[in-house]
Amino acid sequence: MTGASRARRNAMDRLRPIRRALRGVEAVQVRRFGRSVLSTMFRTPVLVLETTGRRSGRQRQTALAFHRRPDGDLVIVGGAGGQRRTPDWVAKVRAHPDVHAIVDRTRRPMTATELGHDERATAWDEARRVWPQIERYERRAGRPVPIFLLRAK
C-alpha cells in the first residue's frame, strides 16, 4: 500500500480487521440470544444476514442493524460505520439476492433488493430518522451508502 492510499484511509478503514474478527462473535450472540452486546449498548435491533459467497458459494453471516417497516419489510444499509470500502456483504447480496435473515432467533428466507434512485431517496429519509449518524457515515466514506430492502419470500 502506498503512502498516498494509506493517507486516504479513515479510522473505520483502519478498524476493519478488528470489526471482521468480531462480527462472528456478534452473529453468534444474535443467533443465540436475539441481541448482541453492541445492539444492547447502542439500543438498536440487529439481525444476522446469511448470504452466499459470490466466488466461494459458502454461507456467510453478518450481524447488521435493521429497521422494520410497518409492512414487515426490513431495511438494512451498507454504511459500515463510514469505511471507504463497501462492505463485503453488499457484493454478496448483489450477486445472490436470495438470503436468510435471523431476527429474534427466527431464521426466515428473504429476497434482498437494492433500492434505486427514487426508492432510495424515500428510504434515505427513513434511515436518517432511524440512524441519525448515517449521513456522517456517508460523508466519511466518500461513497453512496447502499440501502437494501429485505422482503419475506
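Residues numbered from 1 in each chain as written. Predicted model: local features only at pLDDT ≥ 70, side-chain atom pairs only at ≥ 80, totals over all residues. Heavy atoms only, no water.

1. Some points on the overall build of the chain
And then number 1: Of the regular secondary structure elements, the chain holds seven helices and seven strands.
And then number 2: For the chain, the succession of helices and strands along the chain, N to C, is α-α-α-α-β-β-β-β-α-β-β-α-α-β.
And then number 3: When each of the 153 residues of the chain is scored for burial, the buried share is 41%.
And then number 4: Long-range contacts, defined here as pairs at least 24 residues apart, represent 63% of the contacts in the chain between residues at least 6 apart. (Helix = DSSP H or I, 4+ residues; strand = E, 2+ residues; numbered from the N terminus. Buried < 20%, exposed > 50% of the residue type's maximum accessible area, 1.4 Å probe, protein only. Contact = heavy atoms within 4.5 Å.)

2. A word on the confidence of the model for the chain
And then number 1: When pLDDT is averaged along the chain, the result is 81; 77% of the residues meet or exceed 70.
And then number 2: Note that pLDDT drops below 50 for residues 1-7; the model gives that stretch two contacts with residues more than four away or on any other chain. (pLDDT = per-residue confidence, 0-100.)

3. So, the side chain of Arg143
And then number 1: Note that Arg143 resides in the loop between α7 (134-141) and β7 (147-152).
And then number 2: Buried and unpaired, Arg143 has no salt bridge, with Glu138 as the nearest side chain of opposite charge at 7.1 Å.
And then number 3: If near-sequence neighbours (up to four positions away) are discounted, Arg143 is found in contact with Gly78, Gly79, Ala80, Gln83, Arg84, Arg85, Thr86, Pro87 and Glu138. (Lys, Arg positive; Asp, Glu negative; His and termini not counted. Salt bridge = Lys/Arg side-chain N within 4 Å of Asp/Glu carboxyl O.)

4. Regarding the side chain of Arg120
And then number 1: Of note, Arg120 is situated in helix α6 (residues 117-130).
And then number 2: Arg120 sits in the buried class, given a relative accessible area of 18%.
And then number 3: At a separation of 2.7 Å, a polar atom in the side chain of Arg120 contacts the main-chain carbonyl oxygen of Val145.
And then number 4: Ignoring anything within four residues of it in the chain, the contact list for Arg120 reads Leu115, Glu138, Pro144, Val145 and Ile147. (Polar contact = N/O pair within 3.5 Å; in protein donor to acceptor, adjacent residues only side chain to side chain.)

5. Some remarks on the pairing of strand β5 (residues 98-103)
And then number 1: Note: strand β1 (residues 46-52) against β5, three bridges, orientation antiparallel. Across the sheet, the residue bridging to Glu50 is His100, located in β5.
And then number 2: With antiparallel pairing between neighbouring strands as the criterion, β5 and strand β6 (residues 106-114) make up a hairpin whose turn holds two residues, including Asp104 at a positive phi of roughly 50°. (Pairing = 2+ DSSP bridges.)

6. Overview of the packing of α6 against α7
And then number 1: Look at α6 against α7: their axes get within 9 Å of each other, and the N-to-C directions meet at 115°. On α7, the residues touching Arg120, Trp124, Ala127 and Arg128 of α6 are Ile134, Glu135 and Glu138.
And then number 2: Per-class residue counts for the contact of α6 with α7 are three nonpolar, no polar and four charged. (Axes fitted to C-alpha atoms, helices over the stretch in contact; angles between N-to-C directions. Nonpolar A, V, L, I, M, F, W, Y, C, P; charged D, E, K, R; others polar.)

7. Some remarks on the sheet that holds β7
And then number 1: Spatially, the seven strands line up as an open sheet ordered β2-β1-β5-β6-β7-β4-β3, and their pairing is antiparallel. Bordering the open sheet on either side are β2 (59-65) and β3 (67-68), each of which pairs with just one other strand.
And then number 2: Bridge analysis of β3 against strand β4 (residues 74-77) gives two bridges, and the strand direction is antiparallel. Paired with His67 across the two strands is Val75, which belongs to β4.
And then number 3: Taken strand by strand, helix α5 (residues 88-95) contacts β1, β2, β4, β5, β6 and β7, and its axis lies near 55° from that of β1.

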